[in-house]
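# Summary of structural features
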Amino acid sequence: MEDRKIQWHPGFVAAMNLEFKENQRDLIFEKEYNLNTKPLETDLLIIKKNPAIELKNEIGGFFRGHNIMEYKSPGDEVNMNTFYKVQGYACIYKAAGTGTGEIEETDITTAIVREGKPKKLLQRLAEKGYPITNTRKGIYGIEAGGIFPTQIVVTKELDKEDHVWLASLSEKLEKEDMRKLLERVRGLTGEYDKEMADSILKVSIDANKHLIKEMMEDESMYETLMELMEPQIQIREQKSWDEGQKQGWE
C-alpha cells in the first residue's frame, strides 16, 4: 500500500502554537490565512494583541504586530523566489488591511521556516547587499531597505530542548529526539495543548516509521508509544471502517 502523504503544514502550525505556549493569550494564530478575496494564503499569520508584550520564545524576538510565516517541509526548495513570494504576501496583506484599520508597513515581518539551512539563498541575499544577522542559534535576520524584515528559522540548528516541537518536524529523528518528544507530550495537561501535540506526533511518527518500529521492540518504550499512538490508531481504524462501509454501500 502506498504511504500516505505526510501532513507537514498542520504539524508546523501546531508546533508554533506550542512554541509560544507561554504567550498563547497574547497572540492570535491564523493558519492558512487568506490574504485577499482570491485563494491566496500564507501558512501562518501570528498577530500580537498588544505590540508591547515581550514574547518568551526567542523566535518571537523578531516579531512586530503582524507576522507572516511560510513553512517549507524538508523536501521543499527554498530560493530567491521563495523570499520574494513571502515579501509579496506581506505587500498584499498591507494593501488589503483589516476591518479594524490600516496596518503600518513598519508593523509587519515575514519568516521562512525550514529544517535545513538554505545556504544558496543566504549567499544570494548577501551578494545583493542585504545585511544578515545571526545573533540567535538557528535564526537569521535579514534587514533590507524598502523590503519587509525577514527571519529565516533553521529548525535543525535550534536548541532541541527549547524548541522540541519544531525540531520534531523531521525525517531524521534519533531515539533521543523521539524520547524527548514523547516526554514533552506526556507532560501536557490542557486539552488544546494535547490536540496540538497530537498533530506534531502524527507527523513525527509518519516521517520516522523505521525509528518507531525499532523503538517498539524496546519493552521500556512500547507501553509509552502505544499509549500515545492509540488515538491515531483508533482514528485510522475508524476511517478505514467508514471507507469500507461506504464502498460496501456503493
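First things first, this report covers the structure right here in the doc.

Here is what the cut-offs are and how they apply
- Residues numbered from 1 in each chain as written.
- Predicted model: local features only at pLDDT ≥ 70, side-chain atom pairs only at ≥ 80, totals over all residues.
- Heavy atoms only, no water.
- Helix = DSSP H or I, 4+ residues; strand = E, 2+ residues; numbered from the N terminus.
- Buried < 20%, exposed > 50% of the residue type's maximum accessible area, 1.4 Å probe, protein only.
- Polar contact = N/O pair within 3.5 Å; in protein donor to acceptor, adjacent residues only side chain to side chain.
- Contact = heavy atoms within 4.5 Å.
- Phe/Tyr/Trp six-rings, centres within 6.5 Å; stacked < 30°, edge-to-face > 60°.
- Core = buried A, V, L, I, M, F, W, Y, C linked by side-chain atoms within 4.5 Å.
- Arc of directions from axis to C-beta.
- Pairing = 2+ DSSP bridges.

Another aspect to go through is the side chain of Ser170. Note on placement: Ser170 falls in the loop between helix H4 (164-167) and helix H5 (175-186). Its relative accessible area of 3% is what places Ser170 among the buried residues. Of note is the side chain of Ser170, whose polar atom sits 2.9 Å from the backbone nitrogen of Lys172. Excluding anything up to four places from it in sequence, Ser170 contacts Trp8, Glu115, Ala207 and Asn208.

One pass over the structure, following the stated rule, counts four aromatic pairs. Ring plane angle 25° and centroid distance 5.5 Å describe the contact between Phe20 and Phe63, whose orientation is recorded as stacked. With Phe20 in the loop between helix H1 (8-19) and strand S1 (27-34) and Phe63 in the loop between strand S2 (41-48) and strand S3 (66-72), the pair connects residues that are 43 residues apart, well separated along the chain. Side by side, Phe20 and Phe63 carry an identical accessibility label, which is buried.

Before going further, it helps to spend a moment on the environment of Ala111. With respect to the element layout, Ala111 can be found in strand S4 (residues 108-114). Judged by its relative accessible area of 2%, Ala111 is buried. Sequence separation of Ala111 and Pro149 is 38 residues, and the distance between their C-alpha atoms is 8.4 Å. Each residue touching Ala111, except ones within four places of it in the same chain, is listed here: Ile68, Met69, Glu70, Val86, Thr150 and Gln151.

Phe12, Met16, Ile59, Met69, Trp165 and Leu169 are the most contacted members of the largest nonpolar core, which totals 45 residues. Formed by 14 residues, the second largest nonpolar core is a distinct cluster that contains Met80, Val86, Leu125 and Tyr140.

With that settled, consider helix H7 (residues 209-216). Along H7, the residues that are buried comprise Leu211, Ile212 and Met215. Each buried residue of H7 lies within a common arc of 100° when the element is viewed along its axis, so the set occupies one face. Seen from the buried face of H7, the exposed residues on the opposite side, beyond 90 degrees, are His210 and Lys213.

Most of S3 is tucked away, with seven of its seven residues classed as buried. Taking every second residue as pointing to the same face, both faces of S3 are buried, with His66, Ile68, Glu70 and Lys72 on one and Asn67, Met69 and Tyr71 on the other. Bridging between S2 and S3 involves four bridges; their strand directions are antiparallel. Directly across from Leu44, in S3, lies its bridge partner Met69.

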